[in-house]
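Structural features, examined
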Amino acid sequence: MNPDALATLNTHLLTALATAPAETRRLFHGRGRCWPGLEQLTVDWLQGVVLVSLFKEPEAQQLEALKVLLLGITQSAEWQQSGAHTLLLQHRYLLQSTTEWLLGDALDEMTITEGGLKYRVDLGRKQNAGLFLDMRYGRDWVRANAEGKRVLNLFAYTCGFSVTAIEGGAAHVVNLDMSSSALSRGRDNHRLNGHDVSNVTFLGHDLFKSWGKVIGKGPYDLVIIDPPSFQKGSFLLTKDYQRVLRRLPELLTEQGTVLACMNDPAFGSDFLIDGVTREAPSLRFVERLENPPEFPDADVECGLKALVFRQGD
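In short, a report on the structure. Since the model is a prediction, treat every value here as computed from it, not as a measurement.

When you go through the chain residue by residue, the secondary structure sums to 10 helices and 16 strands. In terms of C-alpha radius of gyration, the chain reaches 20 Å, essentially the compact-globule figure of 20 Å for 313 residues. Of the contacts made within the chain by residues no fewer than 6 positions apart, 63% connect residues no fewer than 24 positions apart. For the chain, the accessible area works out to roughly 13,900 Å², and carbon and sulfur atoms hold 49% of it. If the 32 positive side-chain charges of the chain are averaged to one point and the 38 negative ones to another, these points end up 7 Å apart.

Pasting the structure below:
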């Protein structure tokens, strides 16, 4: 973060705040490697809360210069015009992802909106707030393709896909995640949107020890796979994704659809396409969903991959 990089960030943020979005969005995506010197920094707009995240520890002098820049922005006309009131700096490189409140009163959680839907997120307590903003188009796609379908949402986290599926008219959604607290937040998200949770199932299990339960609630018209790249003791991308893919024929209806996702920059789309071809040859690749424009990447294959596959025809 040299002076030139910080000047670029200052210009970008002032421009973004001058036309602040009505809903939650990423304001700056340095991790796409489009701005030299800012590769380890992102800025999110949480409807009045500005969350700056650092993914690599900067030198002390650079960190101080960043804080001075950010606090200077809070004195700008653009900041006042945007309605922003809180500024957070999250140190993602630390074990506890420590968050500093540079401006505003500390909040544990808040409700944000995306696509007119409400989601409850955490502030300052966890590494991830509770909604991955780069998956916006994926949630939109599920909403547009869920009507009347039975949906299986694997690695459900806080059930963002489930919320959009039910909003889109899904007949039933089964969410599976090891984290009971994440699933509890998923219930909250459904209730925030006035959904009938009798049409939603929450399974707090290890997928690889619970195939019988998952298969028994099928078959499914749509299966969503959105795992972490690595989760100690539970998921390793290079080993475990194929274990999920080979089960797809047992999970799907004859014309079933799969949305397979991956966000590891080390692997491109071919990792998923080749994996499905090998492990579930009855499925064919249909399309890769675009990523939102606020997530530019110097190499599109390093960004989020969200691929659609379909069984039959």
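This brings us to the nonpolar core. Among the nonpolar cores identified, the biggest contains 30 residues, and Leu154, Val223, Ile225, Leu248 and Val258 are the most heavily contacted of them. When residues no more than four places from it in sequence are discounted, the contact partners of Leu248 are Val223, Ile225, Val258, Ala280 and Leu283. Judged by nonpolar contacts, the second largest core, of 27 residues, contains Leu6, Ala16, Leu69 and Leu87.

Turning next to the packing of helix α8 (residues 237-245) against helix α10 (residues 269-279). For the pair α8 and α10, interaxial distance at closest approach is 9 Å and the crossing angle is 45°. On the basis of the axis angle, α8 is oblique to α10. Relative to α10, α8 is oriented so that their crossing is right-handed. Of the residues in α10, those touching α8 at Leu237, Thr238, Tyr241, Gln242 and Leu245 are Phe271, Leu272, Gly275, Val276, Arg278 and Glu279. Tallied by class, the residues present in the contact of α8 with α10 amount to six nonpolar, three polar and two charged.

On inspection of all chains with the given rule, the structure shows one cavity of 30 Å³ or more. Leu13, Leu17, Leu27, Val43, Val50, Leu70, Ile73, Trp79 and Leu87 together form the lining of the largest cavity. Residue assignment for the lining of the largest cavity shows that the elements contributing at least two residues are α1 (3-18) and α2 (60-73).

Moving on, we get to the environment of Gly130. With respect to the element layout, Gly130 can be found in the loop between β7 (117-122) and α4 (136-145). The buried category is assigned to Gly130, whose relative accessible area is 7%. Along the sequence, Gly130 and Arg185 sit 55 residues apart, while their C-alpha atoms lie 8.5 Å from each other. With sequence-adjacent residues up to four places away left out, Gly130 is seen in contact with Tyr157 and Thr158.

In space, the five strands of this open sheet follow the order β1-β2-β3-β4-β5, with mixed pairing throughout. Edge positions in the sheet fall to β1 (25-29) and β5 (99-103), since each of these pairs with one other strand and no more. The sheet shows a mean angle of 20° between the axes of neighbouring strands, direction not considered. Across four bridges, the pairing between β1 and strand β2 (residues 41-46) is antiparallel. Following the sheet pairing, His29 is matched in β2 by Thr42.

This part covers the pairing of strand β6 (residues 109-114). Note: β6 against β7, six bridges, orientation antiparallel. In the strand pairing of β7, Glu109 is matched with Asp122. Hairpin connection of β6 to β7: two residues between the antiparallel strands, including Gly115 at a positive phi of 60°.

Each value, and the rule that gives it
- Residues numbered from 1 in each chain as written.
- Predicted model: local features only at pLDDT ≥ 70, side-chain atom pairs only at ≥ 80, totals over all residues.
- Heavy atoms only, no water.
- Helix = DSSP H or I, 4+ residues; strand = E, 2+ residues; numbered from the N terminus.
- Rg over C-alpha atoms; globule rule 2.2 N^0.38 Å.
- Contact = heavy atoms within 4.5 Å.
- Areas by Shrake-Rupley, 256 points an atom, 1.4 Å probe, with all protein chains shown as cover.
- Lys, Arg positive; Asp, Glu negative; His and termini not counted.
- Charge placed at Lys NZ, Arg CZ, Asp CG, Glu CD.
- Core = buried A, V, L, I, M, F, W, Y, C linked by side-chain atoms within 4.5 Å.
- Buried < 20%, exposed > 50% of the residue type's maximum accessible area, 1.4 Å probe, protein only.
- Axes fitted to C-alpha atoms, helices over the stretch in contact; angles between N-to-C directions.
- Parallel < 35°, antiparallel > 145°, perpendicular 65-115°, else oblique.
- Left-handed = near helix turned anticlockwise from the far one by under 90°.
- Nonpolar A, V, L, I, M, F, W, Y, C, P; charged D, E, K, R; others polar.
- 1 Å grid on protein atoms, 1.4 Å probe; cavity = no way out; pocket = protein on both sides within 12 Å on 5 of 7 lines; lining within 4 Å.
- Points joined across faces, edges and corners; volume = space filled by probe spheres on them.
- Pairing = 2+ DSSP bridges.

Keep in mind these numbers describe shape, not what the thing actually does.
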